[in-house]
Amino acid sequence: MNALGRRLRLAQKGEQVTFFCTEEEFREIWEEYFDLGRDYGALREKIDPNDAYLVKAAEFGNGIRILHQDLWEMILTFLISQQNNIKRIKTCIAVLCGHYGKKKETLEGEIYDTFPGPEELRDVSEDTLRGMNFGYRSKYIEKTVQSVLNGTVDLCRIRSLPYQEAREELKRLPGVGDKVADCICLFGLGHLEAFPVDTHIKNVLQREYPQGFPFERYGRMAGIIQQYLFYYDLKGLHEAGMQRTKTAVDRS
């Protein structure tokens, strides 16, 4: 995986994950990046035991962590993600890195491309991005780059703002509405109270919480709860349905 201008090789066997890096690099970079210092088990214990759906979602999503990702990378990534599928998002990001990022080499001699910063994208144009199949998002990317470079939006200032103020400042960027701003706040700024509402979450809230979701109970861990709900709605219910179908077929 590539992150923070570096490449990290990981391997997982069962519940054990091996980081192929020095102890110093792990402590200085990856421990914080993967939020390994947070006790997610203690957070899950705060879930209302009478909320059967959320209890199942948290159990299914056990192991989820909120990564401490780069703010600029999150801004562009979530602009690209609008009305897009995962495969195409990955392709767009790879194209952007390949054309505008820096070439780096690992100690093992592997070449990779870093995510381009605002300066590296200074001369990017909407027409060029459209030619790379970024679609209508091209104008958002071009204008966002220019907004950051000319100081209309100050990323350093945003990093210092509390959640609600950071959210409103991000919405000054073209193409950034409530959902995208909350995604950036959660994954790019570490504001765990951010609760992005996309189609999946909207359906969950309407179906499971018609009287309203208990935000007051979860407060500054709402973003983690959102990830349990999102992942369970995306994967868990599908897998449960597949299992029920298999069981029915086995019994027939």
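Below you will find a few notes about this structure. Predicted model, so just to flag it, every value in this text is computed and none were measured.

**A short note on the pattern of salt bridges**
Alright, step 1. Taken as a whole and assessed by the stated rule, the structure comprises 18 salt bridges.
Alright, step 2. Close ionic contact of D233 with R207 constitutes a salt bridge, the shortest N to O distance being 3.2 Å. A residue pair is termed long-range when its members are at least 10 positions apart, and D233 in helix α13 (residues 222-251) and R207 in helix α11 (residues 199-208) qualify at 26 residues.
Alright, step 3. Accessibility expressed as a relative area gives 15% for D233, which makes it buried.
Alright, step 4. You can call R207 partly exposed: its relative accessible area is 39%.
Alright, step 5. Each of R167, E168, K171, D178 and D182 takes part in salt bridges that share partners, so that together they form one network.

**Remarks on the side chain of R137**
Alright, step 1. For R137, the position within the fold is in helix α7 (residues 137-149).
Alright, step 2. This buried residue, R137, is left without a salt bridge; E126 holds the nearest opposite charge, at 11 Å.
Alright, step 3. At 2.8 Å, the side chain of R137 and the backbone oxygen of Q82 are in polar contact.
Alright, step 4. In this structure the side chain of R137 is engaged in a polar contact, spanning 3.0 Å, whose partner is the backbone oxygen of Q83.
Alright, step 5. Filtering out sequence-adjacent residues up to four positions away, R137 remains in contact with L79, I80, Q82, Q83, N84 and R88.

Here is what the cut-offs are and how they apply
- Residues numbered from 1 in each chain as written.
- Predicted model: local features only at pLDDT ≥ 70, side-chain atom pairs only at ≥ 80, totals over all residues.
- Heavy atoms only, no water.
- Salt bridge = Lys/Arg side-chain N within 4 Å of Asp/Glu carboxyl O.
- Helix = DSSP H or I, 4+ residues; strand = E, 2+ residues; numbered from the N terminus.
- Buried < 20%, exposed > 50% of the residue type's maximum accessible area, 1.4 Å probe, protein only.
- Lys, Arg positive; Asp, Glu negative; His and termini not counted.
- Polar contact = N/O pair within 3.5 Å; in protein donor to acceptor, adjacent residues only side chain to side chain.
- Contact = heavy atoms within 4.5 Å.

The values are spatial; any link to function lies outside them.
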